[in-house]
Amino acid sequence: MAEQQVTVPDIGGAEGAEVIELLVNVGDDITVDQGLIVLESDKASMEIPSTVAGKLVKLLVSEGEQLAEGAPVAVIEVASAEEEESQPEPEPDSASGDAAQNKQQTTREPATENATSSDSSAVAGGGASESAGAASSELAVPVPDIGTDEAVELIEICVKVGDVVGEGDSLVVLESDKASMEVPAPDAGEVLAISVKEGDSVKQNDVLLTLKVQGRNAASAEEEKVDAAPVERQEARPEAGEATAPAPTAQSQNTAAPSAEGVYAGPAVRKLAREFGVALEQVHGTGPRGRVVKEDLQQFVQNALSTGAAAGASAAAGAGIPDIPEIDFSKFGAVEVTQRSKLDKLTAANMRRSWLNVPHVTQFEQADITELEAFRAGLKDEAQQRGTRLTPMPFLLKACAVALRDNPKFMTSLAQQGEELIYKQYCHIGMAVDTPAGLVVPVIRDVDKKSIWQLAEEVLELADKARDRKLKPADMQGGVFTVSSLGNIGGTGFTPIVNAPEVGILGVSRAQIQPVWDGQEFAPRKMLPLALSYDHRVINGGDGGRFITRLTALLGDIRQLVM
Ligand code: CAO
């Protein structure tokens, strides 16, 4: 038996993703590729599969934790004859624990070691030192192993002299290029002296502060090796009973220098707040116990910007977007309150941002797809032989690629506060997919260069991946235009919201046979309702009209797709 650790693989550029679901339990038999946990980043939910088969002996993460590539997820006991031969048998009574621990140390290894002097300058090898044997003793707490020999910035001191801290309480927050991490108290005690100040550059082994602790035995000191490791991405704790800041109102928002004392927020959020110059105590926290999460900060900045923009445009002082009042619906009848997924909340924030920033125009048209549908029906058998399914979507994508080529303004984005227009010379098109976890938009690359059969396969593959939460952030980046089809779901029309910074989106509704006047009589034709929304800062009505007319012509006579 050998133990192997499963870590977070390349999640496609996500800086960090939240554990939203644990899919397995300790003791479970795991197969290769079985999902262990579900991570949710800004762009997608994704299952992290096991790379080995065996028994799950340790789950190293919990829900709500933020993980990045390389973070340990689980320890699995692998039954492999080869490995058993090549690896020495572990000590009988510490086998699984030690093996797991050793692996854990690659990311969580503490550098603390026992020393015998209370003199902080005598701390060796990064260990917390204490005067031994006394009922209470002094413990110098150094910077533990932070995974780099470089100095890192001390961005926050969470305690003051005289504070009594519990074991594991945050003492300071350090920040490197890669991560923010809290240094937890290795033991409970009173803060006697603080040897550093905010803004200092510190390295592993530098003494941070001195604690007065009760005498500890060797066993507890040994445990401290694990406990004193820096905790990446953990959140600062507020003082007990401290209230979180009230929700900002349009009038109360400002961009004063941060003074985040007592606000419950993680280091990454604090860093972001500093970068934006936002005072964290003004941000309404929606996380557990009023914790300020990244989305709260985004929402705050968004509100501040829209308020500023509105104020600039209006002579009326304080003009802004009034909040929708919170209502106690239980006054009117039974209600059930559910937590929204991170993906739903992010989609909401993105929609709002686009809706508020982009002056939308939606133009409607119907494409006669009678011949297209006949052609598609004729290919049903071939599709089956190829092991795929041919829906209208690949034709829509291909037609959009040609219409985009002929109307390149639809492949642009605004830049430099509207001073510049960036023309993209690649044709990657996003496709909205409705999944149980929420709306996602995977991107099909180089649509202009692909055949209908290739597109059919990719549509199926990406839609499946989206529904199985297997999309990576990179799968959802780089789109120049989006197609959102509700054709299979129903409806006669809708006005899609532009997926900014793109400038155009096509909404497709359900095709229906309609009587169409052909000059002599009404003929039954299959008509596909199209709605083209665009950013009127870039696209004018004429551009929109030309695009949708071209698109309709292409769908009406797909022979033109090859021209
Ligand atoms: N009119 C009539 N029927 C249509 C149609 C249309 N416009 N579009 C698709 N269909 C039919 C197809 O003909 C097919 O039936 P047959 O097999 O009998 O031919 C079936 O619906 C296929 O539907 P599908 O949904 O499996 O495949 P698709 O390629 O049309 O769409 C996808 C794929 C991923 C776009 C779609 O499943 C989806 O998720 N749509 C929702 C997108 C969404 O939520 N948009 C809103 C975003 S804003 O909130």
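Everything here concerns the structure above.
Residues numbered from 1 in each chain as written. Predicted model: local features only at pLDDT ≥ 70, side-chain atom pairs only at ≥ 80, totals over all residues. Heavy atoms only, no water.

1. Things to note about the site of the ligand
Alright, step 1. Residues in close proximity to the ligand total 22 residues, the closest being Thr-391, Arg-467, Ser-484, Ser-485 and Ala-511.
Alright, step 2. A distance of 2.8 Å is found between a nitrogen atom of the ligand and a side-chain nitrogen or oxygen belonging to Ser-484.
Alright, step 3. Protein chains shield 76% of the accessible area of the ligand, which is 960 Å² for the free molecule.
Alright, step 4. Among the secondary structure elements, those contributing two or more residues to the shell around the ligand are helix H9 (392-406), strand S23 (433-435), helix H10 (452-467) and strand S26 (481-485).
Alright, step 5. For the shell around the ligand, the element with the most residues is H10, which contributes three residues.
Alright, step 6. Partitioning the shell around the ligand into residue classes produces 11 nonpolar, six polar and five charged. (Near = heavy atom within 4 Å. Polar contact = N/O pair within 3.5 Å; in protein donor to acceptor, adjacent residues only side chain to side chain. Areas by Shrake-Rupley, 256 points an atom, 1.4 Å probe, with all protein chains shown as cover. Helix = DSSP H or I, 4+ residues; strand = E, 2+ residues; numbered from the N terminus. Nonpolar A, V, L, I, M, F, W, Y, C, P; charged D, E, K, R; others polar.)

2. Looking at the sheet that holds strand S8 (residues 72-78)
Alright, step 1. The four strands are arranged S1-S8-S6-S3 in an open sheet whose pairing can be described as antiparallel. The strands lining the two open edges of the sheet, one partner per strand, are strand S1 (2-7) and strand S3 (29-30).
Alright, step 2. Bridge count between S1 and S8: six bridges; the pairing is antiparallel. Bridge pairing in S8 links Val-6 to Ala-74. (Pairing = 2+ DSSP bridges.)

3. What to know about the nonpolar core
Most often, soluble globular proteins keep nonpolar side chains buried together rather than apart.
Alright, step 1. Core analysis: the biggest nonpolar cluster contains 56 residues, and Phe-481, Leu-530 and Leu-555 have the highest contact counts within it.
Alright, step 2. Contributing elements (two or more residues each) for this core: H9, strand S22 (429-431), H10, S26, strand S27 (504-508), strand S29 (522-535) and helix H11 (541-556).
Alright, step 3. Here Phe-481 is in contact with Cys-400, Leu-404, Phe-410, His-428, Ile-429, Gly-430, Glu-502, Gly-504, Ile-505, Leu-506, Leu-532 and Phe-547, once residues within four sequence places are set aside.
Alright, step 4. Counting residues in each nonpolar core, the second largest holds 22 residues, with Ile-157, Val-172, Ala-185 and Val-191 among its members. (Core = buried A, V, L, I, M, F, W, Y, C linked by side-chain atoms within 4.5 Å. Buried < 20%, exposed > 50% of the residue type's maximum accessible area, 1.4 Å probe, protein only. Contact = heavy atoms within 4.5 Å.)

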